[in-house]
Amino acid sequence: MSSRRPHPAWAPWLFLAPFLLFFAAFGAWPLVRSFVLAFEQTFGPRTTVYVGTLNFRFLFHDPLFWAAVRNTTVFTIGTLVVQVPVALALALLLNRPDLRGRSLFRLIFFSPTIVGSIFVGVIFSLLLEKRTGLVNTLLHAAFHSWNPDFPWVDGFVMPSLLMASLWLSVGFNMSYLLAALQNVPADQLDAAAIDGANAWQRFRHVTLPAIQPVIGILVLLTVVGALQLFDLPFILYADSFGNGPNNAALSIVTYLYQTGFRSGDLGYASAIGWILTIALVLIALGYRWLTRGEDAAA
Amino acid sequence: MKSFFAGFVRTLSPGIALVLGLGIISAVIVALLPLQPRGGIQIWLGDGNHANLYRALAPEWNSRHPDLPLTVSLISGPALQSRMLSGFYSGTPLPDLIEVERGQIGQVFAGPLKDVGFVDLTDLLARDGLKDEIDPASYSPWTSRGRIFGLPRGAHPVMLAYRSDLVEAAGIDVRRIETWDDYFRLMRPLLQDLDGDGYIDRYPLTISLTNASFSEIFLIQGGGGYFDGMGNPLLNSDANVRIVARLATWYAGPGRVIGDINMYTGAGLRLLREGYAVAIPSADWYVGNYPVTLPSLAGKIKLMPLPAWERGGRRTSANGGTMIGVTKASKHPEIAWELAKFLYFSPVIARQLYDLTHIVSPVKSTWSASYYDRPEPYFCGQPVGRLLQRAIPDIPPRPSSPYLSSAVQLVNSVITQLMAITDRQGYVRPEQAAGDARRLLDEAQHTLLDQIHRNVFQASPSP
Amino acid sequence: MTPAASRSPGVARTARWIVLGLLLVFSTLTLLPFLWMVCASIKTPEDYYTHQFLPTGGGFLGIAWDRLTLNNFVRLFREQPVARAILNSVMLSSVCSVLATLCCAAGGYGLSKFVFPGRRLITNGILAAVVLPPVLVLGPAFETLYHLGLLDTYAGLILPTVAPAFGLYLFRQAMINSVPGEIIESARIDGCGEIRIFFQIVLPLVRPMLGAFLIITFLGTWNNFLSPQIILQNPERQPLSVAIFHLRGLYGADYGMIMAATLISIAPVMALFLYLQREFISGLTSGAVKG
């Protein structure tokens, strides 16, 4: 110990300084401020009035907020149910050792993620158009009872969003799972095969437990991402500022944006933001609690 | 030092080097590229026709005001609204004059009266003796708490533009139509399934069902609306209940008679051409669109007054429109006001605007102009301008409020829900839908009042 | 993964064809929107309404090649400030990613390789911040920029992205995993200055993370829509993501041009992705799989 040359005391601070400076200005301070703002009402950043818990009290019987919560929850559940199995299926297909062109397929499935949610939104808004959109034309060709007018009623909003979001993110999730699948210990699989287990049993008893932590992380990431849905509905339903027909596309973050930046009420927007944050923190804590045994076992 | 950099460069993979290089080069280019200098008098607007018109006037203006040349910027709707609001809220750059659409004006009035980003024109109009020159109903969308904040581009009367070839071929005489009941009764033969696929391909009337401003046409025509003259919401008035119940049975259910097209897209216009749409309630600015976007329908379109809600009732309504306002951020408010007056009161410009867009000026002294009587070949020889102008005095006022966008959204939501109920229950007569209509409108009114009471910046509307 | 001994060759071959078939089906579905977009961008407006993909006609393969046009692209560059938007996007993405990478690398180094008072507090604080949704601080950050006079400036958009908590977390992990303390110690003994140690010894050791984070941030900034929309008002400063969105508003019916613009927006990033595939995917997935 004594032969080690200690570093000068200023050294760590030198390296941390840029980060801490900008984090304090644009991360920590706004965080503190957002807490205060949640108890104020504003008309733009210039005009603020303290209103106590009025924002939160109003939030609890604000029909638009609850519509947003409902929509966002449905979207999150829908995403989980659709994306994770599809991603797993694709990863399993790509995992076969005798597959040629794996890189190419992976590239193809990953490409929508690279495109980004904005451009996916723009592309899908055209694909979903009445009569001239590809989706409607294909459906009408396949099912003659499908009205090519694609009535923009609330019932079709969620499927549209889920479709666009699936296309956008399935490659990303699939890559995670593929990497995990390729880390499954081969010797365990061999041992199971020698013991006479068939493919399904091998999957269920060796593969699945081995990739369970990654599935867990994927579920967490998907839920966290889905709860913060904004880009897709904002672009797809830009005419109604992201509301969609009968507010069926309104998500929590969209409502926050409308309140803060169209109506100028940064206070109410902060209140909404904190409700969302509390939900996310609870989910993260729940995840930590559920996976608490894993670190010990691994 | 040299070895320092050499060591650092060795760190870089090709990818990192690429991004680093891009960053340096592009940052240098951006820093060197000057942004367009902004000086003189600036106008922001969202309508291409207006932009062309005002730009053509720039040389004349510039010769009179060489130190303040005119710059006209055409900006898309959402971008215009976002920049305008950002400027009002946060002091980001604003022009001297902004043309705002009816749908965008609500947010501007949402805060304290003193914080409205436009200059209060009420006293200026009185000072210059101009207030009574303009048809009074046209001021209503741009007025908040009794103060006028913008000059109206038009009164925007609404008439029914219809496919005269189809209607006359079916032997229907539109002069016998007085009320909406007459209309849908006589136009029944034009509700057709043309290709036998079980879906109706032709409707006697079509609008954009999801665009709330069309329902507003019906509401204010029939004596309903969103707010009274004092700014109090009256979403659940008896008139509204009656009208909304009727609309639900027109838009949905087995007795559906109104089709849905998006009037602002190429796809929608194609449907007009194909004859899916027989008639569309059209404000003067929309009437101006037909010759430009559907030249193939020349000689096949005519105008008729809107059918009334009851015998002797109002036969027109209002829809859309823009105003021009002077921003408080302007460095030359008096000159900007002069320009606004020039653009909006000049008879020469009124005529050019009419020729370009069919918008009829709300300035009363221009109404006797002879060019309104000109027969138009596109519209089968009808004197379109005269027809529109005669409808103006009949236009109902459209009171604005800081809560206009909320009110519009709420009522639109009610209508959509009522449509779903109508479909499910198979309602055909308005009386069947009236109960649900009243219930939903009561909820909407309650929600809106909640919002109003929450806002600490507004003085509560008088009871 | 699957021991070959447990199956007969016939079954194995059938299985392989089924897998390949399924993959081809899914690949086609995935590529369909791209194909549609490319076709839409080279069609005339009339053809757009009448044909879903390429206009049929008398040419090779039954396609009317002569009716395809590059006019949408030409009009795009002539009538819209697309070139400027591209420049803005490139500038913002590269500058943000370089600055953020440097800042987080330095911060991660400082946090993990030194011992100093307050280290645990800072570490826990920043790790906790990773959980928070960015949208929470959107409003107050906007307010802060307003008070600093940075609204409608590039700096106002770049500076808030320079210190993401997630980046610090990633680099701290990378430093812990890949940089042994002994190397730093011996460099100090040899008389190297602290800064030289960082640039010449430490950074090369975390090169994979450097590349991965650089690219993640580049992609994130390129596709970012919300912040530029709120912070930048002058259209000359706006990146492609916002420019395309506003194109839809102004030219709602000009689908060909909109798709041409979208194609131009995603082409550079696609190209970058193809060039740096491995770094992309490993970077995006590294946080979870390797922990």
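A quick note: this is a predicted structure, and the numbers were derived from the prediction, not measured.

Calculation rules
Residues numbered from 1 in each chain as written. Chains lettered and ligands numbered in written order. Predicted model: local features only at pLDDT ≥ 70, side-chain atom pairs only at ≥ 80, totals over all residues. Heavy atoms only, no water. Helix = DSSP H or I, 4+ residues; strand = E, 2+ residues; numbered from the N terminus. Rg over C-alpha atoms; globule rule 2.2 N^0.38 Å. Buried < 20%, exposed > 50% of the residue type's maximum accessible area, 1.4 Å probe, protein only. Contact = heavy atoms within 4.5 Å. Areas by Shrake-Rupley, 256 points an atom, 1.4 Å probe, with all protein chains shown as cover. Axes fitted to C-alpha atoms, helices over the stretch in contact; angles between N-to-C directions. Parallel < 35°, antiparallel > 145°, perpendicular 65-115°, else oblique. Left-handed = near helix turned anticlockwise from the far one by under 90°. Pairing = 2+ DSSP bridges. Lys, Arg positive; Asp, Glu negative; His and termini not counted. Salt bridge = Lys/Arg side-chain N within 4 Å of Asp/Glu carboxyl O. Polar contact = N/O pair within 3.5 Å; in protein donor to acceptor, adjacent residues only side chain to side chain. Buried area = accessible area lost by both parts, 1.4 Å probe.

1. Overview of the overall build of chain A
Part 1: Looking only at helices and strands, chain A features 13 helices and two strands.
Part 2: In summary, chain A has a C-alpha radius of gyration of 24 Å against a globular reference of 19 Å for 298 residues, an excess of more than 25%.
Part 3: Dimensions of chain A, computed from the C-alpha atoms along their principal axes, are close to 85 × 75 × 30 Å.
Part 4: Put simply, chain A has 298 residues, and 55% of those count as buried.
Part 5: Taking all contacts inside chain A whose residues are at least 6 apart in sequence as the whole, residues at least 24 apart take part in 64%.
Part 6: Within the structure as shown, chain A displays about 12700 Å² of accessible surface, and the carbon and sulfur contribution to it stands at 68%.

2. Considerations on the overall build of chain C
Part 1: Broken down by element type, chain C carries 15 helices and zero strands.
Part 2: Counting all 291 residues of chain C, 56% fall into the buried class.
Part 3: Pairs at least 24 apart in sequence give 70% of the contacts found in chain C among residues at least 6 apart.
Part 4: Carbon together with sulfur atoms contributes 67% to the accessible area of chain C, which is approximately 11900 Å² in total.

3. A look at the packing of helix α4 (residues 82-113) of chain C against helix α8 (residues 165-178) of chain C
All names here are of chain C.
Part 1: Their axes nearest at 8 Å, the elements α4 and α8 cross at an angle of 55°. In terms of axis orientation, α4 runs oblique to α8. Here α4 and α8 pass one another in a crossing that is right-handed. Judged by residue contacts, Thr-101, Cys-104, Ala-105, Gly-107, Gly-108, Tyr-109, Leu-111, Ser-112 and Lys-113 of α4 engage Gly-167, Leu-168, Phe-171, Arg-172, Met-175 and Ile-176 from α8.

4. Observations regarding the sheet that holds strand β2 (residues 70-74) of chain B
Residue and element names in this part refer to chain B.
Part 1: Ordered by their spatial adjacency, five strands build an open sheet running β2-β1-β3-β12-β6, and the pairing between neighbours is mixed. The sheet is open, and its two borders are formed by β2 and β6 (151-152), each paired with just one other strand.
Part 2: In terms of strand pairing, strand β3 (residues 97-101) meets strand β12 (residues 322-326) through five bridges, oriented antiparallel. Across the sheet, residue Glu-101 finds its bridge partner in β12, namely Thr-322.

5. With respect to the side chain of B:Glu376
Residues and elements named next belong to chain B.
Part 1: Mapped onto the fold, Glu-376 is located in the loop between α15 (347-357) and α16 (384-391).
Part 2: Buried and unpaired, Glu-376 has Arg-374 as its nearest opposite-charge partner, separated by 4.5 Å.
Part 3: Within the local environment of Glu-376, its side chain forms a polar contact with the side chain of Tyr-354, the two groups lying 3.1 Å apart.
Part 4: Among the polar contacts made by the side chain of Glu-376, one reaches the side chain of His-358 at a distance of 3.0 Å.

6. Focus on the interface of chain B and chain A
Part 1: Taken together, the contact pairs 31 residues of chain B with 35 residues of chain A.
Part 2: Where chain B abuts chain A, roughly 2800 Å² becomes buried across the two surfaces, and 53% of that area is made up of carbon and sulfur atoms.
Part 3: Counting across the interface, chain B meets chain A through one salt bridge.
Part 4: Counting every contact that joins chain B to chain A gives nine residue pairs in polar contact (both at pLDDT 80 or more).
Part 5: Of all the secondary-structure elements, those providing two or more residues to the side of chain B that touches chain A are α4 (77-90), α11 (266-274), α17 (404-425) and α18 (430-454) of chain B.

7. Brief notes about the interface of chain C and chain A
Part 1: Across the boundary between the two partners, chain C contributes 99 residues, which contact 95 residues of chain A.
Part 2: For the pair chain C and chain A, the summed buried surface comes to about 8800 Å²; carbon and sulfur atoms form 78% of the total.
Part 3: If you look at where chain C meets chain A, you find one salt bridge.
Part 4: Taken together, chain C and chain A are joined by four residue pairs in polar contact (both at pLDDT 80 or more).
Part 5: Counting residues per element, the side of chain C that touches chain A draws most heavily on helix α1 (residues 9-41) of chain C, at 17 residues.

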